[in-house]
Amino acid sequence: MKALFFIGLAVLILGVVSLVVPIPHSERSGISVGGVSLGVETRHEEKVHPALSGLMILGGLGVMAAGKRG
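Note that this is a predicted model, so its numbers are computed, not measured.

A.B. asks: Looking at this structure, I do not really get the overall build of the protein. What am I missing?
C.D. replies: Along the protein, the regular secondary structure elements total two helices and two strands. In the protein, the order of α-helices and β-strands from amino to carboxyl end is α-β-β-α. Relative to its length of 70 residues, the protein is extended, with a C-alpha radius of gyration of 20 Å against a globular reference of 11 Å. Its C-alpha atoms give the protein principal-axis dimensions of about 65 × 20 × 15 Å. By the burial criterion, 14% of the 70 residues in the protein qualify as buried. For the protein, contacts bridging at least 24 residues in sequence account for 56% of all contacts bridging at least 6.

If you want it as structure tokens, here you go:
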């Protein structure tokens with residue numbers, strides 16, 4: 001049951017970090033003709049929705065509590 005506690009702790013930490021740290025995402029679009037290619041790369045940084053972060057935090061706390069009882 002100690003492993004369950006540490007899994008819950010990891011989920012809790014990931015939930016807190018997801019509130020602050022944006023996830024980078026890049027897209028490349030363009031054309032390629034023969035040996036020549038022209039393209040544009042766009043980069044976005046998106047944060048996880050706060051509701052999802054909250055669910056991760058609450059889930060982590062619940063798993064930690066379950067791990068402590070057992």
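A.B. asks: Any chance you could explain the pairing of strand E1 (residues 23-33) here in plain terms?
C.D. replies: Where a strand is regular, its side chains alternate between the two sheet faces. In this structure, E1 lies alongside strand E2 (residues 36-46), joined through 11 bridges in antiparallel fashion. Its bridge partner being in E2, Pro24 is matched across the sheet by Glu45.

A.B. asks: Explanation requested: helix H2 (residues 50-69) in the structure shown.
C.D. replies: In an α-helix, one turn spans 3.6 residues, which is why side chains three or four residues apart end up on the same side. An ideal rise of 1.5 Å per residue puts 28 Å on 20 residues; H2 measures up with 29 Å between its terminal C-alpha atoms. Elements that come into contact with the buried residues of H2 comprise helix H1 (2-20).

A.B. asks: Quick question: what am I supposed to make of the pairing of E2 here?
C.D. replies: E2 sits mainly on the outside: zero of its 11 residues count as buried. Count of turn residues in the E1/E2 antiparallel hairpin: two residues, of which Gly34 carries a positive phi of about 65°.

Conventions adopted
Residues numbered from 1 in each chain as written. Predicted model: local features only at pLDDT ≥ 70, side-chain atom pairs only at ≥ 80, totals over all residues. Heavy atoms only, no water. Helix = DSSP H or I, 4+ residues; strand = E, 2+ residues; numbered from the N terminus. Rg over C-alpha atoms; globule rule 2.2 N^0.38 Å. Buried < 20%, exposed > 50% of the residue type's maximum accessible area, 1.4 Å probe, protein only. Contact = heavy atoms within 4.5 Å. Pairing = 2+ DSSP bridges. Expected span 1.5 Å × (residues − 1).

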